[in-house]
Structures are given as C-alpha cells and as structure tokens.
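# Observations on the model geometry
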Amino acid sequence: MEEYRSSVLLIYTGGTIGMKEDPRDQSLKPFDFGQILQEVPELRKFACRIDVHTFTPLIDSSDVEPAMWKRLAALIRDRYDEYDGFVVLHGTDTMAFSASALSFMLEGLGKPVIFTGSQLPIGRPRTDGKENLVSSVEIASARGEDGGAAVPEVCIYFNSKLLRGNRCTKVNSEGFTAFDSANYPPLAEAGISIRYNTAAIRYPAPGSRSLKVRTSLDTRVSILKLHPGITPRVVGNILLGEETRAVIIETYGAGNAPSKEWFLDIVKEACGRGKILLNVTQCLHGGVDMDIYATGKKLKEAGVVSGYDSTTESALAKLFCLMGETEDNEAVKRGLRVSLCGEISQI
Ligand code: ASP
C-alpha cells in the first residue's frame, strides 16, 4: 500500500492539453483522460493521491458557459473535504474567464484551485503540458510553514509562473507564456524549487468562514470596446439595450472616452435608467483613474464606476456574481468598489 501525504483532485474539462491528432483529418480531438496519466508517469512519483474527474462532454474552452462554472464550483464544494487541493485542466482560450469566475464563486476558499493547460498537446514531444501539469499538482498539494495550504487561492499556473486567477489575461496564442498578470506579481515561480511569494498570497483570516459557493449568476452584461470611429448607434444599442443590466466600457488609457456630446448623452441616459456602467482600461498594465483627464471626469460625474486595475475577464465575472446576489444596482456598484478576492489593487 502506498503512503500518501496529500491528495489532489484533477478535473479535466477539455482543451489542447488532453488532445491528440486525428490521423484522418489531422484535426485535434479530445482523448480519454486515462491516456494523460500514461503520458505523465512523473505524477505517480509524488507522495500524493491523485484522483481524476473527467467532464462529459469534454469541451474546447471556446464553448465555456456560466453553467460549466456552476458545475465546476459544485464539484469542488462536494469534494472539498476529501482533497488538499484541486487542479483544473482547461483550454487556454477562456481560462482567464473561468479562473476569475471561480475566484468569486468559491467564497472563503481555503485550498488551492489551480487552473492549467498547454499550448501543445501533451502527446507532442515539445509539449508544455507535462511541466504545467506536474508543477500544478505539486502546488495544489503544497503546505505552508503553518501546515495550511501554501496557496489557498484560485490561480493559473503556466510556464513556470503561478498567477492569481482573477488577475490573468491570455496574452499569447502561440508562445508558452500564454498568460500575464500585468497588475499583480506572480504568487510563485518554479525553478529548481518552487518559490512562493508569501507576501503576495491571500490567506484566509484565522477563524474565517468555511467555503460558500455562489451559484446565482446574472449574465446580463455587455462589453463595449471604444475605438475611433465608433458610432452613436453602436454605443446606444449596447448601453441602452433592454437586455443589459450592466456594461463594461473598455476605455482608452487611464479611463478616457470621447468627449463628444452624443457620447456623454448616451452614457448619462444609461446611468439615469439605473444601469451599471463599469470603466475598465484597454491597457494591459495600469488602471483607471477618472480624475486625471476632463473626459474621465465627465464619465465619473455621469455615474460611471471605476474598474480600477481590473482585467475585463475579472470585471465580467465579478458583475455576474454581484448581480446574481441582488437586484439592487446601487449595492452592486458598492461591491464593485471593493476588492473581494484580490482582483483590484484599490480597496
Ligand atoms: N482552443 C483551445 C481551448 O481553449 C486552446 C487551448 O486549449 O489552449 O480549449
């Protein structure tokens, strides 16, 4: 009988990491997860019990929907007491959305939930999938000096870096450094050993509540990306659309938007109708400060809320969760201004 010191649940949802080439048409198709364990015998060397849960159907992450996040959150809740940590194998395309969503949905999390995947299928000789998977398992089972989880957060591990999930964006469709956390330092870096950046990691307060899963998500959110030449019709359709309760406006630089009267009139009308308008910058680094430029000030005066240094992925997930909890848009706006789980730097 093997002696295990820890236990990890590996949750396979789909994505490149578990794909292999179909010899008939050379397209990538998901294969049985049992084969992944054969591909990575290194996993058996950990003194860690690794159980596998495979989602059916396996999906390309372009097909991820909030219903899948609920399944994932429910699975982690149901198996929470059985494992020291969880590794989620997920396609890279929407991994930053899913990791953001789970960070808000798993309230009071005290164990690691590590998302990972790969740019090259695990069966290929130069795959990045093996290192990503093996290190993720090590991190998910690691303990800190006090015996608690080394990283009790929802994270993305990719190409030697452990990043806070709700700070990540996919920045490269080819290179192995697929993710960046531009506004927050890595939580750990893997070299000869894995170095944890304990000053950056969030630990649950002593005596804090146990895990609570938010399952109610309100998805009535749109994203409006500003660009030169944008028309009143496009802006009006999105900001005033019946089906949207909130709109993330991806603005320029420090949170700037056109100063044209028609633009501000639509913004004011949307705010007047009680809609939630959240200002998130198109820039990867830095955040929104609506007090710097006149155009930003006007947005603030109209009632637009600052997204600070949030990513769009995180802003979307946070809105889904906050709006799912209440119909009161003012309460949602108050929630947007505070950091719930390290997603913004301003508190
Ligand atoms: N299209 C794939 C997905 O996101 C790409 C990947 O896995 O990296 O599922």
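Everything discussed here concerns the structure shown above.
Remember, predicted model here, so these are calculated numbers, not experimental data.

## Points about the sheet that holds strand β9 (residues 161-164)
In spatial order, the strands read β4-β1-β5-β7-β8-β9-β12-β13; together these eight strands make up an open sheet with mixed pairing. Every interior strand has two partners, whereas the edge strands, β4 (48-54) and β13 (194-196), have only one. When strand polarity is set aside, the average angle formed by the axes of neighbouring strands in this sheet is 25°. Of the strand pairs in this sheet, β9 and strand β12 (residues 188-190) are connected by two bridges, and their pairing is antiparallel. Across the sheet, Leu162 pairs through a bridge with Ala188, a residue of β12. Across the sheet, helix α3 (residues 95-105) is in contact with β7 (113-116) and β8 (154-158); its angle to β8 comes to roughly 155°.

## Remarks on the site of the ligand
Around the ligand, the neighbouring residues are Gly15, Thr16, Asp60, Ser61, Gly91, Thr92, Asp93 and Ser118. Ser118 is positioned with one of its backbone polar atoms (N or O) 3.5 Å from an oxygen atom of the ligand. Considering the ligand on its own, with 260 Å² of exposed area, one finds that the protein chains cover 89% of that surface. Of the residues in the shell around the ligand, the class split is no nonpolar, six polar and two charged.

## Observations concerning the pattern of salt bridges
One pass over the full model with this rule turns up 18 salt bridges. Its salt-bridge partner being Arg49, residue Asp51 comes within 3.0 Å of it at the nearest N-O pair. We classify Asp51 as partly exposed; its relative accessible area is 23%.

## Section: the packing of α3 against helix α8 (residues 312-325)
Look at α3 against α8: their axes get within 8 Å of each other, and the N-to-C directions meet at 40°. Relative to α8, the element α3 lies oblique. Between α3 and α8 the crossing geometry is right-handed. Contact residues: Ala96, Phe97, Ser100, Ala101, Phe104 and Met105 in α3; Glu313, Ser314, Leu316, Ala317, Lys318 and Cys321 in α8. When its residues are assigned to classes, the contact of α3 with α8 shows eight nonpolar, two polar and two charged.

## Notes on helix α9 (residues 329-336)
Here α9 has its buried residues at Asn329, Val332, Lys333, Gly335 and Leu336. Projected down its long axis, α9 shows its buried positions confined to an angular sector of 160°, all on one face.

## Here's the deal with the environment of Lys225
Among the secondary structure elements, Lys225 is positioned in strand β15 (residues 221-225). Lys225 sits 36 residues away from Glu189 along the chain, and the two C-alpha atoms are 33 Å apart. Residues contacting Lys225, with those up to four places away along its chain left out, are Ile230, Glu250 and Gln282.

## Focus on the packing of aromatic side chains
Under the defined criterion, the tally for this structure stands at five aromatic pairs. Ring geometry for Tyr83 and Phe86: centres 6.0 Å apart, planes at 70°, overall edge-to-face. For the residue pair Tyr83 and Phe86, the accessibility class agrees, reading buried in each case. Ring centres of Phe158 and Phe179 lie 5.2 Å apart, and the angle between their planes is 65°; this geometry places the pair in the edge-to-face category. On the criterion of sequence distance, the pair formed by Phe158 in strand β8 and Phe179 in strand β11 (residues 179-180) is long-range, its members being 21 residues apart. The same class applies to Phe158 as to Phe179, namely buried. Taken together, Tyr80, Tyr83 and Phe86 form an aromatic cluster joined through their ring pairs. Taking NZ or CZ as reference, Lys111 lies 4.7 Å from the ring centre of Tyr80, over its face.

Conventions used here
- Sequence order as written defines the numbering, with residues in each chain counted from 1.
- Per-residue local features of the predicted model are confined to residues with pLDDT of at least 70, and side-chain atom pairs are confined, for both listing and counting, to 80 or more; whole-chain, interface and lining totals are unaffected and use all residues.
- The side-chain figures draw on all heavy atoms in the structure; neither hydrogens nor water molecules are used.
- When DSSP finds two or more bridges between two strands, those strands count as paired.
- Labels follow the DSSP assignment, with helices taken as runs of H or I lasting at least four residues and strands as runs of E lasting at least two, numbered in each case from the N terminus.
- Axes here refer to lines fitted to C-alpha atoms; in helices the fit is confined to the stretch in contact. Angles between the N-to-C directions go from 0 to 180 degrees.
- The criterion used for residue contact is that any of the two residues' heavy atoms lie within 4.5 Å.
- For this purpose, a residue is taken to be near a molecule or strand whenever a single non-hydrogen atom of the residue falls within 4 Å of it.
- Polar contacts here mean pairs of N or O atoms no more than 3.5 Å apart (in protein, one a potential hydrogen donor and the other a potential acceptor; neighbouring residues in sequence count only if both atoms are side-chain atoms).
- Throughout, the Shrake-Rupley method with a 1.4 Å probe supplies accessible areas, and for residues the shown protein chains are the sole cover considered.
- Each residue gets one label: Ala, Val, Leu, Ile, Met, Phe, Trp, Tyr, Cys and Pro are nonpolar, Asp, Glu, Lys and Arg are charged, and the others, such as Gly, are polar.
- Only one rule defines a salt bridge in this text: a Lys or Arg side-chain nitrogen within 4 Å of an Asp or Glu carboxyl oxygen.
- Partly exposed residues are those whose accessible area sits between 20% and 50% of the maximum for their type, while under 20% is buried and over 50% is exposed, using a 1.4 Å probe and protein chains only.
- Note on terminology: angles under 35 degrees are roughly parallel, angles over 145 are roughly antiparallel, angles of 65 to 115 are roughly perpendicular, and the others are oblique.
- What makes a crossing left-handed is the near helix being turned counterclockwise from the far one by less than a right angle; a clockwise turn instead makes it right-handed.
- Throughout, the arc means the angular range of directions from the helix axis out to the C-beta atoms.
- Aromatic pairs are defined between Phe, Tyr and Trp rings, using the six-membered ring for Trp, whenever the two ring centres lie within 6.5 Å; interplanar angles under 30 degrees are classed as stacked, those over 60 as edge-to-face, and all others as tilted.
- Definition used: whenever NZ (Lys) or CZ (Arg) falls within 6 Å of the ring centre and also within 35 degrees of the ring normal, the charge is taken to sit over that ring.

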